[in-house]
Amino acid sequence: MVDNVASFREIGQLKTDSSTWREITAPLGGASGMLQEVKLPDKAGGFCYRDSGKLSPDMSNTRNRFIYWRTKHDVLEMTEVSLDSDLHGNCVRFKFQDAPLVGDVSIHETGQEVFILISTLCSVHRLCFNHPNKLMRSISIFADASSKAVRNPANYHPVTNSTGAIYQIHTASSWLQTNQEAIFALATNTGSIIFVRIPPPGSQGEKVQHELKQSSIMQRLWTGLVPTLMRGEGEATDMASSLCIYPMNHDLFVFTVCKDSKIRMWSCQSEECIMACDLLDFCPGIKQQQETILGQGHQLRICPGSYGSPPVLAVYLRFSYRSQFSLFNPVLEDGIYQLKHLMNIFTPQEDLLDFGLSYDQLWALCTNQNGETIAKYFQLDSNRDVKWSESHLVGTEPIDLVVPLHREPREFYQEYIFQPGRFSVQTIAKALSVYKRSLDMTQTGDLPMSAQYIKEEVIESIENEIQQTIPDGELSEEDLYNVHQYQWAKFYSTCFQFHEVCMKPLGIFIDKNTGMVALIRKSQLSFLRPCDIIEHLYLCDPELSCPEDFASEETLTDEPILCRGILALFKCLRLLSEDYLSMDMIQAVELDLFYLIKPDEIAHQLADELLTHSSLSEQLEIYIQNVTDIPNVMDALLKITDLARGLPEGLIVPEIGLDPERQLVISNLFASSVGRTLLATSVNQMVTTRFQMLRDLFIVEVLATRLGTQAGITKEESQEITSNILPKTGFLLQAYYAMMWMANTVPSPIQGTTLEFNLRQLDALEISDYPQATTTSTISQNESQLSSLIELFLDGPGSSQIHNILAQKNFLDDDPCALWSTLLKPSFMILSQLVWPISVSFLFPEFLLTKCQYMQLQEYVRLLDTWCEWNRSSRKFVLGQCYLNCNEPYKALDCFLAAVDGVGNEHFLVNTLLQAGEDSPRKLQVLYYLKVIRLFEEFSLLDLIITLATTAIDIADKDDINIPSLWSQMFKHHLELGHNDEAYRAMISNPDPIRKKDCLHQLLVVLCERNQLKALVEFPYTNLQDDIVSIMEFRARSVDLTTHNYYDLLYAFHIFRGNYKKAGSVMYEHSMRLRQEVPGLVGIQKQAKCYLAALNALRLVNPNYAWIVRPKSVSKRQVPDDTPEVSPKRLNDGETKLESQTEPEVVELAEIEREYLLVDARLRLLQKQPNPSHTAGPTLSASETVGLLVKAGQLDIAFRVSNAFKAPLTPVFEGLALKCVNFSQHCNLFIMGKDEDFASDAWLWLSDNDVGNSATSNTSPADQAWFLLQKYLSQYEQKGSQYHRCVTIRLMSHDFPLPSWLTASYKRLNAPELLKLYIDYDCLQEAGHMVLEYIDAVMGKGAEYYGLACMDPLSFSSSAVWLPYTSIDRLMFALKSINSDIMYEKLHQDLTEKLDEYFRILESVSKDKIDAARRTMHLNNYNLCR
């Protein structure tokens, strides 16, 4: 324990009770009317675990953990609280029907269990729960509480009256033996003690009840012989007013302080009174007074001795005119127990409610004559002369509130009533039930009810009441103001009354291990914490302070004169604050600071008003003269008040590698919701007190300079105060006002989507060590319980930072450690330093930003903006983020631009935001702008991003590596805004070729998606044409042709620049891909267009260069086609397949034209006959195409395709010949009226071909078809007779007579071939007539019809001719063999005669030729001989 704790202060309204109580009813008890007959006071107390102060690595679950209880007639409320972790199921109510509780509840722990001993007027109970060390840290021992534990017969015993005497139990005590046997002692008004033993759980022992009674023989006779009605029922003089049980020397003793002011000591073993000590012997001046009456309200407490010393017995003796505490040690001397007197502590005549004793302090809870609660303590081990020291309890709320003139009543009362920590939700709900009787109060009991729901109900109820109050006519503003004021004041008054009831004190308890002091009120639990030096001096009477109170301030321990000067200065402050500063002045100071009025202006205005009081000047002159070296004293006080002690740089938490064991020891300290509220409230109290002290000090400083020499202040001192002290004081005053605002501002609830969006912003800033908040589920669960921004900060990184700093302290080496008196004050002082505005640290604003407290953060920046130079640029940065999230982007832009000035020198901007090792201010600024740009991208503020990027480029060095990134940002967002020209210029200006190419790619894609192809084609692309072509080619080859068409863009790009060869190549490639990837009519139509575009482009090129290159895939390793492959990467033998390489193939214009013909033919086929089979599959070959064309009647195209591919025309002519046969046959049917649809179909077929002008009204389709055949034969039969032959064969095979024009044409071209065909197809008659004509032609008659060059072939001078003798022989043989037909016989005879004639002429001509040859030979020989 520390010796320098000068005073304590209450921290009230802590959230220790859960919203839901577990109700357990025990239907045990006595008479039904007992509750009305017996009235016992409500009591309260607490229990702390053995290891509550243990700081060991094993991390006991009982550290900073305790149980407190309070009784309400027959109801026992118990709550388990941990300052280190939140407990679940920690509140339980036990209701003992018709059995009011009596005495204290005692709680005992063993290694495995926790036992609770309870006494009622008619029964005693032992409840058993698991020890916290057997449970999870967050589970309370009451989580599994049930009625079974109360109803177990082995754990309770009904108190019976076995003697028949009439008595009444009025107090009790209990104890648990080491063997878990429960001992109860119940005191009666007759002076006896009912002694009850309950055997250990699970044992076979019996419950025992005895009555302990010490009386003389006369008393026993009087009691046994005289009836009760005659002797009365008055209280016995030896009636125990208070009792307690404690083990000593292998025995268990009951200590009682009785009405006759004697302490009696009963042995539980012998069941006898072994000692009686008259306390009046230790009360000087009382025993001699004859009028001494019996004590009314003596109380007894026992405290275990420390370090093996005997226990301390503390007795409170109350007489009619005097009270005192007496402390004793019960000791055994010569086999007799005696009381060794330690000290007497006299106390004013007050009503004692409860008191507690620790190893070095005595605490008393009293009420004075005015009904005010007093908690005071006496330091037992102090070496100096000490008196009772009062703690500074939470004051009562004012009965009436004064609404400031600038505020509306509704707004002011709402803010005041619903300020977290002022009124509990239950209190407001009860006030609402009174105000609005119609409210369903089943909802305002113990069921969970949110503060927001209650607030909405209150507002609605009051507004409804106001509407009913207002008459039908219109009210003036003043009347309406008064109505609102009245209704809200009425509701506040109800809240005040219920709050006063809830604040009634019941008891006090002390944790002897940690030094914690807790005050239990009727509806809440509060703590008494040690005050810091400023709080002590400002709140306490300076007359009661001394220089020793500054022991905690190392800078002042050796300066007694300075300490006395500070005490004298605080007398001045107390004089001013208590006697002269009105509430209006105090509110005016805070309001002026809120509106950022300078403190010196505020102080001078107040000084002018205060100096109108002549008494103040006179008293202040005297007090100030008692302050030696007042400038130095004021400066020393300011140094103590400054949380940074003049070194804001020292508040940065260093990253020191701590011992993991020490970190484990300190982890979770004060980390529960109660612990966080405890620290946050302590900071609030400390900050508020220091603000008030600085306010008064500032006014005193101004008054001192005004009084000057009248107060003993020299000109030099006045000048020092004016030039040095006043600015420092004003500086600190504004800082503490800002902290006071933090401690009283309620955080806004956070939506999950808002938090997720905020996290995305932090990710965009690439901040890895940002003080992250808890998870979304935790936030939503706890946000309604957080009463201030400081508590919110504790719920985040505040606790961990406190633990890291505490882990470096030496007092952690103490085990057990006085956590409360040793660690609480350093904890909340560290917390204050973490949020101190005058600091290099920027942790608090960072955290507010992560928790989306945008409105609060804006107000925080505003309060610091006019005076705090620390982290000014960092505050501008976070303010910009607030504006962004509040949809004020242009304000945000101004803030971000203004924050750039601190990029090179503020810790947050350099180390947290930028995380860069650069030293150059310009480079750091450029990095800063890049971060801000990423942040703006999350909000899609494209125009502002462009502004930021332009600004960054303007200030950047030429060699800055981030310039390409900035140009890329400008390009990107210009492009998104549709500023195509600006985007192009930004792309061209980018010095990085890689980024430039990326931008070019993005430009292409975006403009294509927007269909802004004209702009895309017309950009000049200086030094980028190859890149844009490469990108477009890649996109064209990689994307799906059905969704994007980059080939058309490429074609337009090349055409715009006059590169027709490239344009043709692009369209040819497009057609190839369409053929492979896009089936159907649409794909074929696109192919045709692509071929036409390619042909048009190539025809504009020089013919010598009108060719393109087509890639042809050739594998480096030829793999047989019939080899099965099971892997796309490997062959069957396991070897890796080799990649294919491309081998160029030149494609000329003629080949492209041929390919186009195939596509065009296929397209015409689909237009003529939309057959799906024609669109499926690969491209048709020329022969396949011709076949389909002939079948469809597209003969002109078929001829063109065949000629283009140099394919034979035979299939075309055969098909046409067949058509002619069919037409001729159907024509006959049409004439007979059997086929009416023939003509229309035939003419439709003929219209697809060029029939010329031969068609007339009298021409039939068959005639037109024969004409078409004749035309084609004359057109395409250039050499030979192959097409005549194929036509003739087709006709003869269908037994169709040959047209005359065909036979005439065929005779001219190749008569022997025709003759052969006649014979082959058994046309013997036609063959015979033809042979006759042909022999005549050879003999010179009709030679022109058979294509003979000479009109007289058998003349001597003509060239040689021949007859097809083989064919003629075959004909003759055939005719001869048919002897049954006269026609054939006659024909055979005619042929024989004709041949004979021919042979005669031939023989004559042959002889003439031989003779002529001989003559010529003789002539030649003759000439040779000559």
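What counts, and where the lines are drawn
- Residues numbered from 1 in each chain as written.
- Predicted model: local features only at pLDDT ≥ 70, side-chain atom pairs only at ≥ 80, totals over all residues.
- Heavy atoms only, no water.
- Buried < 20%, exposed > 50% of the residue type's maximum accessible area, 1.4 Å probe, protein only.
- Helix = DSSP H or I, 4+ residues; strand = E, 2+ residues; numbered from the N terminus.
- Pairing = 2+ DSSP bridges.
- Salt bridge = Lys/Arg side-chain N within 4 Å of Asp/Glu carboxyl O.
- Expected span 1.5 Å × (residues − 1).
- Arc of directions from axis to C-beta.
- Contact = heavy atoms within 4.5 Å.
- pLDDT = per-residue confidence, 0-100.
- Axes fitted to C-alpha atoms, helices over the stretch in contact; angles between N-to-C directions.

Participant: Break down the pairing of strand β21 (residues 323-333) for me, with residues and values.
Facilitator: Counting buried residues along β21, nine of its 11 residues qualify, which places the element largely inside the surrounding structure. Bridging between strand β20 (residues 312-318) and β21 involves six bridges; their strand directions are antiparallel. If you follow Leu-313 over to β21, its bridge partner there is Phe-328. Taken together, β20 and the strand that follows it, β21, pair antiparallel across an intervening segment of four residues. Relative to strand β22 (residues 336-347), β21 is paired through 11 bridges, and the arrangement is antiparallel. Following the sheet pairing, Ser-326 is matched in β22 by Asn-344.

Participant: I'd love a proper account of unusual backbone geometry, names of residues and values included.
Facilitator: Glycine aside, residues mostly have negative phi, and peptide bonds are mostly found in the trans state. Backbone geometry at Asn-249 places phi at a positive 50°, although glycine is not the residue there. Classification of Asn-249 as partly exposed rests on a relative accessible area of 48%. Although it is not a glycine, Leu-596 sits at a positive phi angle of roughly 65°. With respect to the secondary-structure elements, Leu-596 resides in the loop between α11 (583-594) and α12 (599-610). With relative accessibility at 26%, the residue Leu-596 sits in the partly exposed group.

Participant: Any chance you could break down the pattern of salt bridges for me, citing the residues and the numbers?
Facilitator: Within the structure shown, the criterion is met by 52 salt bridges. Note that Arg-985 and Glu-982 form a salt bridge whose closest N and O atoms lie 3.8 Å from each other. With Arg-985 and Glu-982 both in helix α30 (residues 980-989), this residue pair falls three residues apart, about one helical turn. Arg-985 gets classed as partly exposed once you look at its relative accessible area, which sits at 47%. A single salt-bridge network, built from bridges that share partners, covers Glu-23, Arg-70, Lys-72, Glu-77 and Arg-93.

Participant: Tell me what's going on with helix α13 (residues 614-625), and back it up with residues and numbers.
Facilitator: Its 12 residues give α13 an end-to-end C-alpha distance of 17 Å, which sits within 8% of 16 Å, the value for a rise of 1.5 Å per residue. Considered for burial, the residues of α13 that qualify are Leu-616, Ser-617, Leu-620, Glu-621 and Ile-624. Buried residues of α13, seen end-on, are gathered within an arc of 130° and therefore sit on one face of the element. Opposite the packed face of α13, turned more than 90 degrees from it, sit the exposed residues Ser-614, Glu-618 and Ile-622. On its buried face, α13 sits against α10 (560-579), α12, α14 (630-641) and α16 (673-707).

Participant: Outline the confidence of the model for the protein, listing residues and values.
Facilitator: Confidence in the prediction for the protein averages 83 pLDDT; 86% of positions are at 70 or higher. Note that pLDDT drops below 50 for residues 438-448; the model gives that stretch 19 contacts with residues more than four away or on any other chain.

Participant: How would you explain the sheet that holds strand β9 (residues 123-130) if you had to name every residue and give the values?
Facilitator: The four strands lie next to each other as β7-β8-β9-β10, forming an open sheet whose pairing is antiparallel. Only two strands of the sheet have a single neighbouring strand rather than two, namely β7 (106-109) and β10 (156-158). Strand-to-strand, the axes of this sheet are offset by a mean angle of 15°, without reference to chain direction. Relative to β10, β9 runs antiparallel, the two being bridged by three bridges. The residue bridging His-125 from the neighbouring strand is Tyr-156, located in β10.

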